[in-house]
Amino acid sequence: KERARLRMLWELAGEAGLWRAAGGLLRPHPRNARRWLAAPPEEQASLLARAWLTGMRWNDLWQVPTLSPEATGWLNNPHLPRRLLLGLLAQLPPQTWWALDSLPPAIKAANPDFQRTAGDYESWYIKERGSDQFLMGFAHWDQVEGALLRFLTSGPLAWLGLVELGQDQAGRPAFRASPAGLAFAREQRYPAPTGAAP
C-alpha cells in the first residue's frame, strides 16, 4: 500500500501544479511548490484533496490491488465514486465508527450503479488479479464496485486524512470521518491540525 500511496501523492502533486516536465525531466514548479511549502498544513492538505477530487491522472479503480483492468478502450469516470463517498461522509455524524465491510452492501442496496450510470456491467474489461477470468456482469459487483469502495476508504480517503481507520465495537475494521473529511465533504474550511507540528 505504501507504494500506491506514494504514486497517488506524486500524481496529485502534478495535478496541483507542484511539478512539471521540462526538457525530458520532471522539475518542481518553483512558484507553485514554494507557495505550497510555505502554506499552513491545512492548506497543503486541502490542495491535495481537491486535486484528488477533480483530477484524472490518478484513477482509483485502476489501483485496486485485487483488480487487473485491461486497457481495451473503455473508460470509467473516477469522479463518480469519489463524489459518492464524500456525499456519504458529509452526512455521517462525527466520531461515529462504521464497519468497513458494511459500506459496500449499503451502497449496493441504495445506489448500485454509482459508477456505471448506464447500468452497463458488460463493457469494462477487468480481471481479478492473478486470474484469466473477466469480472463481467452485475454478479461481480462485490468484486469490482465493492473492492473499489473498500480501497477508496482504506486507501485514498485515509491517505488524504479524510477518514480515520480503526475498529468498531465488535473489533471489525472500521472508519469514521475525520474533522478534515467532514469539512472537505461539506465544502467548509479545512480545520487546522491539532497536536505537534509535522
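Participant: Can you break down the overall build of the chain residue by residue, with the values?
Facilitator: Counting its regular elements, the chain contains eight helices and seven strands. Taken over the C-alpha trace, the chain has a radius of gyration of 18 Å; the compact-globule value for 198 residues is 16 Å, and the two agree within 12%. Principal-axis analysis of the C-alpha atoms gives the chain an extent of 50 × 50 × 30 Å. Out of the 198 residues belonging to the chain, those deemed buried represent 42%. Across the chain, the fraction of contacts at a sequence separation of at least 24, relative to all contacts at a separation of at least 6, is 61%. Of the roughly 10800 Å² of accessible surface on the chain, a fraction of 54% belongs to carbon and sulfur atoms. Counting 22 positive and 18 negative side-chain charges, the chain places the centres of these two groups 10 Å from one another.

Participant: Please set out the sheet that holds strand β4 (residues 98-99) residue by residue, giving values where relevant.
Facilitator: The antiparallel open sheet is built from three strands, whose spatial order is β4-β7-β6. Each having just a single partner strand, β4 and β6 (163-167) make up the two edges of the open sheet. When β6 meets strand β7 (residues 173-177), the two strands line up antiparallel, connected through five bridges. Each bridged residue has a counterpart across the sheet, and for Leu165 the counterpart in β7 is Phe175.

Participant: Quick rundown of the environment of Pro193? Include the residues and the values.
Facilitator: In this structure, Pro193 sits in the segment after α8 (179-185). Residue classification places Pro193 among the partly exposed residues on the basis of a relative accessible area of 47%. Remark: the alpha-carbon pair of Pro193 and Pro179, spanning 14 residues in sequence, is separated by 9.2 Å. In this structure Pro193 touches Pro41 and Glu42, once residues within four positions along its chain are discounted.

Participant: Please provide a residue-by-residue account of helix α5 (residues 103-110), values included.
Facilitator: An α-helical turn contains 3.6 residues, so any two residues separated by three or four positions project in the same direction. Those residues of α5 that sit buried are Leu103, Pro104 and Ile107. One face of α5 carries all of its buried residues, which in axial projection span an arc of 95 degrees. On its buried side, α5 packs onto α4 (79-91), β4, α6 (141-154) and β7.

Participant: Summarise the confidence of the model for the chain; cite the residues concerned and give the values.
Facilitator: The predicted model of the chain has a mean per-residue pLDDT of 93, with 98% of residues at 70 or higher. The weakest mean pLDDT in the chain belongs to strand β1 (residues 19-22) at 86; the strongest belongs to α6 at 98.

Participant: So what's going on with unusual backbone geometry? Which residues, and what values?
Facilitator: In the Ramachandran plot, Gln95 falls in the positive-phi region, its phi being about 65 degrees despite a non-glycine side chain. Take Gln95: it is sitting in the loop between α4 and β4.

Participant: Tell me what's going on with a positive patch on the surface, and back it up with residues and numbers.
Facilitator: Where like charges cluster on the molecular surface, the positive patch consists of Arg20, Arg27, Arg31 and Arg35. Topologically, Arg20 is positioned in strand β1.

Participant: Quick one: what's the story with the packing of aromatic side chains, residue by residue and with numbers?
Facilitator: Across all of its chains, the model carries eight aromatic pairs by this definition. Between Trp62 and Trp74, the ring centres sit 5.3 Å apart and the planes meet at 20 degrees, which makes this aromatic pair stacked. Linking Trp62 in the loop between α3 (41-54) and β3 (67-69) with Trp74 in the loop between β3 and α4, this pair joins segments that are twelve residues apart in sequence. When its relative accessible area of 28% is taken as the criterion, Trp62 is described as partly exposed. Of the residues examined, Trp74 reaches a relative accessible area of 9% and is grouped as buried. When the ring of Tyr125 is compared with that of Phe134, the centres are 5.4 Å apart and the planes differ by 90 degrees; the resulting orientation is edge-to-face.

Participant: Talk me through the pattern of salt bridges; I want residue IDs and the actual numbers.
Facilitator: For the structure shown, the criterion picks out eight salt bridges. Lys108 serves as the salt-bridge partner of Asp142, at 3.6 Å between the closest nitrogen and oxygen. Of the two residues, Asp142 is situated in helix α6 and Lys108 in helix α5; the sequence distance between them amounts to 34 residues. The partly exposed category is assigned to Lys108, whose relative accessible area is 26%.

The rules we used
- Residues numbered from 1 in each chain as written.
- Predicted model: local features only at pLDDT ≥ 70, side-chain atom pairs only at ≥ 80, totals over all residues.
- Heavy atoms only, no water.
- Helix = DSSP H or I, 4+ residues; strand = E, 2+ residues; numbered from the N terminus.
- Rg over C-alpha atoms; globule rule 2.2 N^0.38 Å.
- Buried < 20%, exposed > 50% of the residue type's maximum accessible area, 1.4 Å probe, protein only.
- Contact = heavy atoms within 4.5 Å.
- Areas by Shrake-Rupley, 256 points an atom, 1.4 Å probe, with all protein chains shown as cover.
- Lys, Arg positive; Asp, Glu negative; His and termini not counted.
- Charge placed at Lys NZ, Arg CZ, Asp CG, Glu CD.
- Pairing = 2+ DSSP bridges.
- Arc of directions from axis to C-beta.
- pLDDT = per-residue confidence, 0-100.
- Patch = residues over 30% accessible without salt bridge, like charges linked within 9 Å, V, L, I, M, F, W, Y side chains within 5 Å.
- Salt bridge = Lys/Arg side-chain N within 4 Å of Asp/Glu carboxyl O.
- Phe/Tyr/Trp six-rings, centres within 6.5 Å; stacked < 30°, edge-to-face > 60°.

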